[in-house]
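Overview (structure and organization)
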Amino acid sequence: MFAAERRQLILEMVRANGAVSLRELARVVQTSEVTVRRDVRALEAEGLLDRRHGGAVLPGGFTRESGFPQKSHLATAEKTVIADLAAGLVEEGEAIVVGAGTTTQELARRLARVPGLTVVTNSLLVAQALAHANRVEVVMTGGTLRGSNYALVGSGAEQSLQGLRVSRAFLSGSGLTAERGLSTSNMLSASVDRALVQAAAEVVVLADHTKLGTDTMFQTVPTDVITRLVTDEPPPHDDRAATELQALADQGVQIAVAGPGAAGSGGDGVPTGRQPRRDMPLPGQRRTHPGGPGGSAQLRSAGSLAEPQPGPAERARVADMRRR
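Report follows, based on the coordinates. (Residues numbered from 1 in each chain as written. Predicted model: local features only at pLDDT ≥ 70, side-chain atom pairs only at ≥ 80, totals over all residues. Heavy atoms only, no water.)

This part covers the nonpolar core. Most often, soluble globular proteins keep nonpolar side chains buried together rather than apart. Ranked by internal contacts, the top residues of the largest apolar core, which has 30 residues, are Leu176, Val205, Leu212, Val221, Leu229, Leu248 and Ile255. Those elements giving two or more residues to this core turn out to be strand S9 (166–171), helix H9 (187–198), strand S12 (200–206), helix H10 (239–250) and strand S15 (254–258). Setting aside residues no more than four positions away along its own chain, Leu212 makes contact with Leu176, Leu229, Thr231, Arg240, Ala241, Glu244, Leu245 and Leu248. Ranked by size, the runner-up nonpolar core spans 26 residues in total, among them Ile82, Ala83, Leu89 and Ala256. (Core = buried A, V, L, I, M, F, W, Y, C linked by side-chain atoms within 4.5 Å. Buried < 20%, exposed > 50% of the residue type's maximum accessible area, 1.4 Å probe, protein only. Helix = DSSP H or I, 4+ residues; strand = E, 2+ residues; numbered from the N terminus. Contact = heavy atoms within 4.5 Å.)

Take a look at the structure:
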């Protein structure tokens, strides 16, 4: 197949599906992923599509939402390390809400062994991941099923969340910017996500670096409502993602970055022991919530899951014992 024919077919696939992985494109056009990546780069230069890590999407942020089959093949390694890190923020006996998405589905797989956990969700994929977890209670919202992402939406879903209060919400979306916060391409999904946020004391956004700096049609969570962002480490050449991370930190969003080599989990989706990088050393991480000394305390970071350090009195006692 000539290059022009390949690129035309690639363009038609992206237009039909919204987003397609490089692997799938290579399979359809019967060539290598290296060649497909070169074709995608050429089409992006012409403004016909946008590259994403591991795939290609329709140009511009204000496009229709991709379906689950396309999303599930994009940035899979990044979603894994993000889910590993986010799972460390959840404690035994908590009540949380988990929104719809392929990244939150990965998180749900890792929550199956958290004793006494209650998970409220509008996602069939999240509920399925927790269906056989004996020590986890799953509460489904009502609503109308959106087949493209297996989520319950509409007034039924929103009404079922009224009067609910949980410790934190874990949400993902189609794009994240410091200016508008988290956004999605579907109005019904955005409306339910806003209802999930209203039910939570804290909001944790799960977004891989390909979504940083991307703005889509419907705002779900404004930046000043986001407590924490859990993301992966952007490639060195990705200036847009790095700039957006700094801007988010400057607005008070706490940044937790999963570093390289953090992926790796057992067959049941539970991390195998290699831990992600914890909090990114960025300025501006000042988001607080009520309940700590003096009326407020910073949200406990993933890094603070380590054992507490001894206080001055304890250090003095140890020093005295050593002198003896």
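Anyway, onward from the coordinates.
Counting buried positions along S9 yields five of six residues, so the element is predominantly enclosed. Bridge analysis of S9 against S12 gives five bridges, and the strand direction is parallel. Its bridge partner lying in S12, Phe170 is registered against Val204. (Pairing = 2+ DSSP bridges.)

What follows is about the sheet that holds strand S14 (residues 228–232). Pairing within the open sheet is parallel, and its seven strands lie in the order S6-S5-S4-S9-S12-S14-S15. Each edge of the sheet is formed by a strand with only one pairing partner; in this case those strands are strand S6 (136–140) and S15. The sheet shows a mean angle of 20° between the axes of neighbouring strands, direction not considered. Bridge count between strand S4 (residues 95–98) and S9: three bridges; the pairing is parallel. Bridge pairing in S9 places Val98 opposite Phe170. (Axes fitted to C-alpha atoms, helices over the stretch in contact; angles between N-to-C directions.)

Now for the sheet that holds strand S13 (residues 218–221). Strand order in the open sheet formed by three strands is S10-S11-S13, with antiparallel pairing between adjacent strands. Of all the strands in the sheet, just strand S10 (175–177) and S13 have a single pairing partner and so form its edges. Strand-to-strand, the axes of this sheet are offset by a mean angle of 40°, without reference to chain direction. Sheet topology places strand S11 (residues 181–184) next to S13; three bridges connect them, and they run antiparallel.

Further remarks concern the side chain of Thr121. Mapped onto the elements of the fold, Thr121 is located in strand S5 (residues 117–121). In this structure the side chain of Thr121 is engaged in a polar contact, spanning 2.7 Å, whose partner is the backbone oxygen of Val98. A polar side-chain atom of Thr121 sits 3.0 Å from the main-chain amide nitrogen of Ser123. Excluding its chain neighbours within four sequence positions, the residues that come into contact with Thr121 are Val98, Val126, Ala127, Val138, Val139, Met140 and Thr141. (Polar contact = N/O pair within 3.5 Å; in protein donor to acceptor, adjacent residues only side chain to side chain.)

This part takes up the packing of helix H2 (residues 22–29) against helix H3 (residues 33–45). For any two helices packed against each other, one specifies the crossing angle of their axes together with the interaxial distance. Packing of H2 against H3 leaves a shortest axis separation of 9 Å and a crossing angle of 105°. When the interaxial angle is binned, H2 and H3 end up roughly perpendicular. Residues Leu22, Arg23, Leu25, Ala26 and Val29 of H2 form the contact with H3, whose own contacting residues are Glu33, Val36, Arg37 and Val40. For the contact of H2 with H3, a count of residues per class yields six nonpolar, no polar and three charged. (Parallel < 35°, antiparallel > 145°, perpendicular 65-115°, else oblique. Nonpolar A, V, L, I, M, F, W, Y, C, P; charged D, E, K, R; others polar.)

This part takes up H2. Among all positions of H2, only Leu22, Leu25, Ala26 and Val29 are buried. Axial view of H2: buried residues confined to an arc of 100°, hence all on one face. Opposite the packed face of H2, turned more than 90 degrees from it, sit the exposed residues Arg23 and Arg27. Taken from the residues just after H2, Gln30 is the one with a positive phi, measuring 60°. (Arc of directions from axis to C-beta.)

Quick look at the pairing of S14 now. Burial runs high along S14: five of the five residues are buried. Direction of pairing for S12 relative to S14: parallel, over a ladder of three bridges. By the bridge assignment, Val205 is partnered in S14 with Leu229. Here S14 pairs with S15 via five bridges, running parallel. Within S15, the position partnered with Leu229 by the bridge is Ile255. You can see the chain leave S14, run along H10 and come back into S15, and the turn it takes is right-handed. (Right-handed = clockwise from strand over helix to strand, strands pointing away.)

Summed over the entire model, instances satisfying the criterion amount to 10 salt bridges. Among the salt bridges present, the one from Arg168 reaches Glu94, with a minimum N-O distance of 2.7 Å. Separated by 74 residues along the polypeptide, Arg168 in strand S9 and Glu94 in the loop between helix H5 (76–87) and S4 bring together distant segments of the chain. Take Arg168 and Glu94: they sit in the same class, and that class is buried. The residue Glu106 makes a salt bridge to Arg109 at a minimum N-O spacing of 2.4 Å. Of this pair, Glu106 and Arg109 both sit in helix H6 (residues 102–110), three residues apart, which is roughly one turn of the helix. A residue is classified by how much of its surface remains accessible, and Glu106, at 17% relative accessible area, is buried. Here the residues in one salt-bridge network are Asp84, Glu106, Arg109 and Arg110, joined through shared partners. (Salt bridge = Lys/Arg side-chain N within 4 Å of Asp/Glu carboxyl O.)

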